[in-house]
Amino acid sequence: QVQLVESGGGLVQAGGSLTLSCAASGSIFSINDMAWYRQAPGKQRALVAAITSGGSTNYADTLKGRFTISRDNAKNTVHLQMNSLKPEDTAVYYCYAQMSSDVSKNLYGYWGQGTQVTVSS
């Protein structure tokens, strides 16, 4: 069994910064792409940023320059550095990873439980 656990959410004032972390654990065989999504109240879950195992990144156009995704393959972690936060960044942020376990070598998509980020004006 494999799982993702996020940390680092919280309340921050507009203009502030926050770093989210996500750790994959369990009987992991391999991890391919990792990503962060977010879901604001009344809206669909949307991609924030993604990163391949080789380090190539992809960002939502509106977030380029403010958010930075990174990963540590040795520690099976992915991070999201968020700067110049705005009230509209308020959402539940979810970690996502394509992983295979020791039991099944097939790749499946896994989600973390989500972490709340609230940006006050």
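What you see is a predicted model; the values in this text were computed from it and never measured. (Residues numbered from 1 in each chain as written. Predicted model: local features only at pLDDT ≥ 70, side-chain atom pairs only at ≥ 80, totals over all residues. Heavy atoms only, no water.)

S.K.: What am I meant to see in the state of the cysteines here?
M.R.: Between two cysteines, a covalent bond joining their sulfur atoms is known as a disulfide. Counting across every chain of the model gives one disulfide. Disulfide pairing places Cys 22 opposite Cys 95 at an S-S distance of 2.1 Å. When the S-S torsion is -85°, as for the bridge of Cys 22 with Cys 95, the disulfide is left-handed. Here Cys 22, found in strand β3 (residues 18-26), pairs with Cys 95, found in strand β9 (residues 91-101); they are 73 residues apart in sequence, far enough to count as distant. (Disulfide = S-S within 2.5 Å. Helix = DSSP H or I, 4+ residues; strand = E, 2+ residues; numbered from the N terminus.)

S.K.: Sorry if this is basic, but what is going on with the pattern of salt bridges here?
M.R.: In a structure, side chains of opposite charge can pair up when their charged atoms sit close to one another. Inspection of every chain in the model, using the stated rule, returns three salt bridges. We note a salt bridge from Asp 61 to Lys 64, for which the minimum N-O separation is 3.4 Å. Across the pair Arg 66 and Asp 89 runs a salt bridge, and its minimum N-O distance is 2.8 Å. In this pair, Arg 66 sits in the loop between β6 (57-59) and β7 (67-72) while Asp 89 sits in the loop between β8 (77-82) and β9, placing the two residues 23 residues apart along the sequence. Both residues of the pair, Arg 66 and Asp 89, belong to the buried class. When salt bridges that share partners are traced, they join Arg 38, Arg 66 and Asp 89 into one network. (Salt bridge = Lys/Arg side-chain N within 4 Å of Asp/Glu carboxyl O. Buried < 20%, exposed > 50% of the residue type's maximum accessible area, 1.4 Å probe, protein only.)

S.K.: What exactly am I supposed to notice about the sheet that holds β3 here?
M.R.: Across a sheet, paired strands are connected by hydrogen bonds in the backbone, their directions being either parallel or antiparallel. Strand order in the open sheet formed by four strands is β1-β3-β8-β7, with antiparallel pairing between adjacent strands. This sheet does not close on itself; its edge strands, each paired only once, are β1 (2-7) and β7. Across the sheet, the mean angle separating the axes of adjacent strands is 15° when strand polarity is ignored. Pairing analysis gives six bridges linking β7 to β8, with the strands arranged antiparallel. (Pairing = 2+ DSSP bridges. Axes fitted to C-alpha atoms, helices over the stretch in contact; angles between N-to-C directions.)

S.K.: What exactly am I supposed to notice about the packing of aromatic side chains here?
M.R.: Describing an aromatic ring pair means giving the distance of the ring centres and the angle of the ring planes. Counted by the stated rule, this structure contains four aromatic pairs. An angle of 55° between the planes, with centres 4.9 Å apart, marks the rings of Tyr 96 and Trp 111 as tilted. Taken together, the residues Tyr 96 in strand β9 and Trp 111 in strand β10 (residues 108-111) connect sequence positions 15 residues apart. For Tyr 96, a relative accessible area of 18% puts it in the buried group. Positioned above the aromatic ring of Tyr 94, the side-chain terminus of Arg 45 is 3.6 Å from the ring centre. In this structure, Arg 45 packs its charged tip against the face of Trp 111, placed 4.6 Å from the ring centre. (Phe/Tyr/Trp six-rings, centres within 6.5 Å; stacked < 30°, edge-to-face > 60°. Lys NZ or Arg CZ within 6 Å of the ring centre and 35° of its normal.)

S.K.: I keep staring at the side chain of Arg 38 and nothing clicks. Help me out?
M.R.: Counting through the fold element by element, Arg 38 comes out in strand β4 (residues 28-39). Within polar-contact distance, the side chain of Arg 38 engages the side chain of Tyr 93 at 2.9 Å. When sequence neighbours within four positions are dropped, the list of residues in contact with Arg 38 reads Gln 44, Arg 45, Ala 46, Val 48, Leu 63, Phe 67, Glu 88, Asp 89, Ala 91, Val 92 and Tyr 93. (Polar contact = N/O pair within 3.5 Å; in protein donor to acceptor, adjacent residues only side chain to side chain. Contact = heavy atoms within 4.5 Å.)

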